[in-house]
Amino acid sequence: MAETVIETHQLTKEFVRDAFHVVALKEVDITVVRGEFVALMGPSGSGKSTLLHLIAAMDRPTSGEILVLGQNLRSLNDRAIAKWRNAHIGFIFQSFNLIPVLSAIENVELPLKLTNLSKKERLEHATTALQLVGLGDRLHHLPRQLSGGQEQRVAIARAIVTDPDLVLADEPTGNLDAGSAQEVLTLLSRLNKEFAKTIVMVTHDPHAAHFATKARHLEKAELLPEGQVPADWK
Amino acid sequence: MFRYFPFILKNTLRNRRRSILTISSIAVSLCILGVLMALYQAMFFGEPTPAQALRLITRHRVSLTQPIPISYREKIQRIPGVRGVMAWQWFGGVYKDRRDPNNFFPRFGAEPEFFFQVYPEFQIPDDEKQAFQHERTGAVISRTLADQMHFKLGDRITLVGDIFPVTLDLKLVGIFDEPSHAAILYFNRAYLRDALGANNPRQNEVGAFLIQAVNADDVPRIADTVDRQFDNSPFPTRTESEKAFQLSFAAFVGNLKLFIMAIFGAVTFTVLLVSGNTISMSVRERIREVGILKTLGFTPGAILSIILGESVFISIVGGALGCLLASGICGVMRKGPGGNFMAALRTLEISPAVAVLCIATALLIGLISSSLPAWSASRTSILDSLRSTG
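In this text, all values refer to a predicted model and were calculated from it rather than measured experimentally. For every chain, the first residue of the written sequence is number 1, and numbering continues from 1 onward in sequence order. For naming, the first written chain is A and the first written ligand is 1, with later ones following in the order written. For a predicted model such as this one, the threshold for reporting local features is a pLDDT of at least 70, and the threshold for listing and counting side-chain atom pairs is 80 or more; totals across whole chains, interfaces and linings nevertheless cover every residue. Values reported for side chains reflect all heavy atoms of the structure, with hydrogen atoms and water molecules removed beforehand.

Engineer: Explain the overall build of chain A to me, please; I cannot follow it from the model alone.
Structural biologist: Across its full length, chain A carries seven helices and 11 strands. The C-alpha radius of gyration of chain A comes to 18 Å, within 12% of the 17 Å expected for a compact globule of 234 residues. Dimensions of chain A along its principal axes, counting C-alpha atoms only, are 45 × 45 × 40 Å. Pairs of residues are marked as contacts when any of their non-hydrogen atoms sit within 4.5 Å. In chain A, 69% of the contacts between residues at least 6 apart in sequence involve partners at least 24 apart. Of the roughly 10,200 Å² of accessible surface on chain A, a fraction of 50% belongs to carbon and sulfur atoms. Side chains of chain A carry 25 positive and 28 negative charges; the gap between the two charge centres is 5 Å. Secondary structure elements are taken from DSSP: a helix is a run of H or I of four residues or more, a strand is a run of E of two residues or more, and numbering for both begins at the N terminus. Radius of gyration here uses only the C-alpha atoms, and the compact-globule reference equals 2.2 Å multiplied by the residue count raised to the power 0.38. For the accessible areas, the method is Shrake-Rupley and the probe is 1.4 Å, while residue cover comes only from the protein chains on display. For this count, His and the chain ends are skipped, Lys and Arg are scored as positive, and Asp and Glu as negative. Here the site of a charge means NZ on Lys, CZ on Arg, CG on Asp, or CD on Glu.

Engineer: Any chance you could explain the sheet that holds strand β7 (residues 89-92) of chain A here in plain terms?
Structural biologist: Pairing between the strands of a sheet comes from backbone hydrogen bonds, and it takes one of two forms, parallel or antiparallel. Residues and elements named next belong to chain A. The six strands lie next to each other as β7-β8-β9-β4-β10-β11, forming an open sheet whose pairing is mixed. Both outer strands of the open sheet, β7 and β11 (222-223), are each paired with one neighbouring strand and no more. Axis definition: a line fitted to C-alpha atoms, limited for helices to the stretch in contact. Angles are taken between N-to-C directions and run from 0 to 180 degrees. Along the sheet face, helix α1 (residues 48-55) touches β4 (37-41), β7, β8 (166-170), β9 (198-203) and β10 (214-219) and points at about 150° away from the line of β8. In this fold helix α6 (residues 178-194) packs onto β4, β7 and β9, with an angle of close to 155° to the strand it touches most, β9. When DSSP finds two or more bridges between a pair of strands, those strands are recorded as paired.

Engineer: How should I be thinking about the environment of E47 of chain B in this particular structure?
Structural biologist: For E47 of chain B, the position within the fold is in the loop between α2 (16-44) and α3 (50-53). Spatially, the C-alpha atoms of E47 of chain B and L357 of chain B are 19 Å apart, while their sequence positions differ by 310 residues.

Engineer: How should the pattern of salt bridges be read in this particular structure?
Structural biologist: What counts as a salt bridge is simple: a side-chain nitrogen of Lys or Arg found within 4 Å of a carboxyl oxygen of Asp or Glu. On inspection of all chains with the given rule, the structure shows 30 salt bridges over all chains. Between D163 of chain A and K197 of chain A there is a salt bridge whose closest N-O contact spans 2.4 Å. Taken together, the positions of D163 of chain A in the loop between α5 (148-160) and β8 and K197 of chain A in the loop between α6 and β9 put the pair 34 residues apart, joining distant regions of the chain. The partner of K171 of chain B in a salt bridge is E135 of chain B, with the nearest N and O atoms 3.5 Å apart. One end of the pair, K171 of chain B, is in strand β8 (residues 167-176); the other, E135 of chain B, is in the loop between α6 (126-134) and β6 (138-142), with 36 residues separating them in the sequence. E135 of chain B gets classed as partly exposed once you look at its relative accessible area, which sits at 27%. One salt-bridge network, in which partners are shared between bridges, spans E3, R34 and D165 of chain A. Buried, partly exposed and exposed residues are distinguished by accessible area as a fraction of the type maximum, computed with a 1.4 Å probe on protein chains only: under 20%, between the cut-offs, and over 50%, respectively.

Engineer: What am I meant to see in the nonpolar core here?
Structural biologist: Across soluble globular proteins, you tend to see nonpolar side chains buried next to one another. Residue and element names in this part refer to chain A. What we call a nonpolar core is a set of buried Ala, Val, Leu, Ile, Met, Phe, Trp, Tyr and Cys residues that are connected through their side-chain atoms within 4.5 Å. With 39 residues, the main nonpolar core has V108, L130, V154, I156, L188 and M201 as its most contacted residues. Contributing elements (two or more residues each) for this core: β4, α3 (104-109), α4 (119-132), α5, β8, α6, β9 and α7 (206-209). With residues near it in sequence (within four places) discarded, V154 still touches L98, A104, N107, V108, L130, L135 and L146. Within the second largest apolar cluster, 35 residues are counted, among which are I30, A56, I66 and V68.

Engineer: How should I be thinking about the interface of chain A and chain B in this particular structure?
Structural biologist: A common way to report how large an interface is uses the accessible area buried once the components associate. If you look at the interface, chain A gives 29 residues, while chain B gives 22 residues. Taking both sides of the interface into account, the surface hidden between chain A and chain B amounts to around 2,200 Å²; carbon and sulfur atoms contribute 65%. Summed over the shared surface of chain A and chain B, the number is one salt bridge. A salt bridge links K10 of chain B to E106 of chain A, with the shortest nitrogen-to-oxygen separation between them at 2.8 Å. Pairing of N or O atoms within 3.5 Å defines a polar contact, subject to two protein rules: one partner must be a possible hydrogen donor and the other a possible acceptor, and residues neighboring in sequence count only if both atoms are side-chain atoms. Summed over the shared surface of chain A and chain B, the result is eight residue pairs in polar contact (both at pLDDT 80 or more). Here the side of chain A that touches chain B takes six residues from helix α2 (residues 78-88) of chain A, the largest share from any one element. Buried area: the sum, over both parts, of the accessible surface (1.4 Å probe) that disappears when the two are put together.

Engineer: Just checking my understanding: could you explain the sheet that holds strand β5 (residues 107-110) of chain B for this structure?
Structural biologist: Residue and element names in this part refer to chain B. Overall, mixed pairing links the 10 strands, which are arranged β4-β7-β8-β6-β9-β5-β3-β11-β1-β12 in an open sheet. The open sheet has two edge strands, β4 (94-95) and β12 (237-241), and neither has a second partner. In terms of strand pairing, strand β3 (residues 82-90) meets strand β11 (residues 208-213) through six bridges, oriented antiparallel. Residue pairing in the sheet places A87 in a bridge with F209 of β11. Running at roughly 170° to β12, helix α9 (residues 219-229) makes contact with β1 (55-60), β3, β11 and β12 of the sheet.

Engineer: Help me understand the side chain of D155 of chain B, please; the structure alone is not making it clear to me.
Structural biologist: All names here are of chain B. Among the structural elements, D155 can be located in the loop between α7 (143-149) and β7 (156-160). Among the polar contacts listed, one links the side chain of D155 to the backbone nitrogen of K152, at a separation of 2.8 Å. Not counting residues within four places of it along the chain, the set of residues in contact with D155 comprises H150, L170, K171 and L172.

Engineer: Is there a simple way to think about the environment of S311 of chain B in this case?
Structural biologist: All names here are of chain B. Take S311: it is sitting in helix α13 (residues 300-335). S311 gets classed as buried once you look at its relative accessible area, which sits at 1%. Considered as a pair, S311 and A374 are 63 residues apart in the sequence and their alpha carbons are 9.5 Å apart. Excluding residues within four positions of it along the chain, S311 makes contact with I279, G366, S369 and S370. Within the structure, S311 has its side chain in polar contact with the side chain of S370 (distance 3.4 Å).

This is the structure:
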């Protein structure tokens with residue numbers, strides 16, 4: 001039986017914004033097993049990014065349980081969560097979010113600065129990750145010297161450089177042209193198939209979802225049963 | 001912390017103009033603080049030379065501008081432990097064009113027969129010493145003054161009195177070498193007395209007495225004995241070490257310690273605000289990056305140390321530059337005319353202790369000014385940070 005990587009029970013996230021009480025996620029139960037590539041889909045405001053943030057421990061749920069890699073995230077303090085995230089999670093943003101003053105290799109090296117690796121080992125790992133995403137010849141380029149697709153590939157290299165158990169991607173192709181988006185999705189698919197990385201990707205794009213092994217839909221803060229899509233889904 | 005240093009350095013260089021301006025403002029402030037600290041150290045902590053340690057100066061208790069009777073000399077001379085006493089008179093006066101600052105050098109009336117006894121560190125050829133002791137209009141000057149004004153033996157130096165209503169036509173009979181390199185002139189006080197005329201009551205007054213003790217252990221007792229002796233007279237005295245006397249000379253401008261500390265406080269506070277504002281601005285612009293770093297696994301403590309490190313780095317660079325600037329200014333002040341009036345200025349320097357204090361102050365400025373923005377950034381949630389548009 002495949003190992004469960006993510007397991008949530010009645011996971012709920014509510015918040016108050018400008019005196020309005022908002023339910024961002026309502027009683028979500030989801031299970032992701034090792035080696036899956038899950039696409040979380042749904043319209044804006046359906047709660048898919050909120051779910052991703054809760055899985056990455058970037059936010060805390062209002063109620064319910066969330067176990068990621070067997071760890072109950074509600075029981076950890078901020079410092080422990082940061083260390084856990086560094087060791088187990090690779091996160092890819094829609095807008096790449098590279099540090100502009102650092103070169104590609106320095107950006108990729110950043111998460112490794114929190115490990116016990118020596119400078120030489122860190123640079124070796126970062127170089128390997130950049131070669132894996134096809135940017136071995138762009139090690140010392142600054143983000144502004146790269147195209148959007150290349151920037152996102154640097155971000156992917158940064159997400160996988162620590163060899164995390166789980167890669168989370170929040171609309172990774174949202175800011176890319178079709179060609180670059182295809183390259184990034186192919187890369188994620190390769191990471192899943194060749195390196196058995198468990199990936200959870202939030203996307204609007206049905207084409208992107210085709211690269212995943214499984215798609216789950218959210219609508220109005222609720223996770224629809226597996227195989228079910230919203231009524232107005234095209 | 002050192003692991004993050006390349007990142008801290010790159011962040012510092014991110015907005016070069018702002019960093020340079022911040023470093024400059026800290027450097028200028030720390031330069032002022034450095035000079036003040038050096039001044040404070042030279043004035044209040046400097047050790048007297050062996051010759052200085054034996055010298056005392058007796059003046060009127062109220063002020064240096066009040067004269068005391070010349071007759072006190074005999075009474076002071078009788079105190080056990082006193083080796084010699086010399087009357088000492090500030091003359092002032094005008095030499096040539098008063099608008100030329102080079103013409104403003106200290107000139108004192110002294111008693112040639114005791115002069116080189118109370119100033120044993122002054123070196124002069126015997127024939128010039130004799131000439132000073134025997135020529136009523138004779139004057140001796142320091143080598144520094146001779147070089148500065150191109151004076152040579154035999155030159156006439158005319159001083160037009162302002163405090164005293166007389167003109168002194170002095171003849172340069174000697175040039176002495178002295179360790180502090182002050183530009184200074186001494187003439188025979190008897191000549192001033194003669195010039196004042198027999199009926200002038202100021203003839204029997206003197207500005208101060210220089211007392212030379214036999215040994216340094218006697219100095220406090222002698223000072224106490226002199227002052228107690230004249231306690232109930234119309235001209236009560238204050239006897240103090242040469243160093244304390246020079247400080248009281250400087251105290252004409254007010255409470256020096258308070259003055260220095262007030263400037264010190266004001267400069268530090270101002271630079272704290274400037275630095276704090278810059279760091280806050282810099283952190284606010286990069287709050288999104290704080291969210292990214294946290295997503296990568298940076299702990300609040302790591303974020304705190306990166307921001308504090310950046311601020312401390314800027315402050316220390318500013319502090320080091322400030323120290324160098326201050327060292328240059330101290331060099332200029334050492335050679336300036338102020339040293340002729342206050343010996344402490346002639347030893348002014350950025351000592352290792354002052355440099356360490358300067359750098360420590362810079363370090364504190366860096367830490368304090370960035371602590372609030374750094375703390376706030378380290379506590380901001382990832383999602384709030386990522387939502388920030390800077």
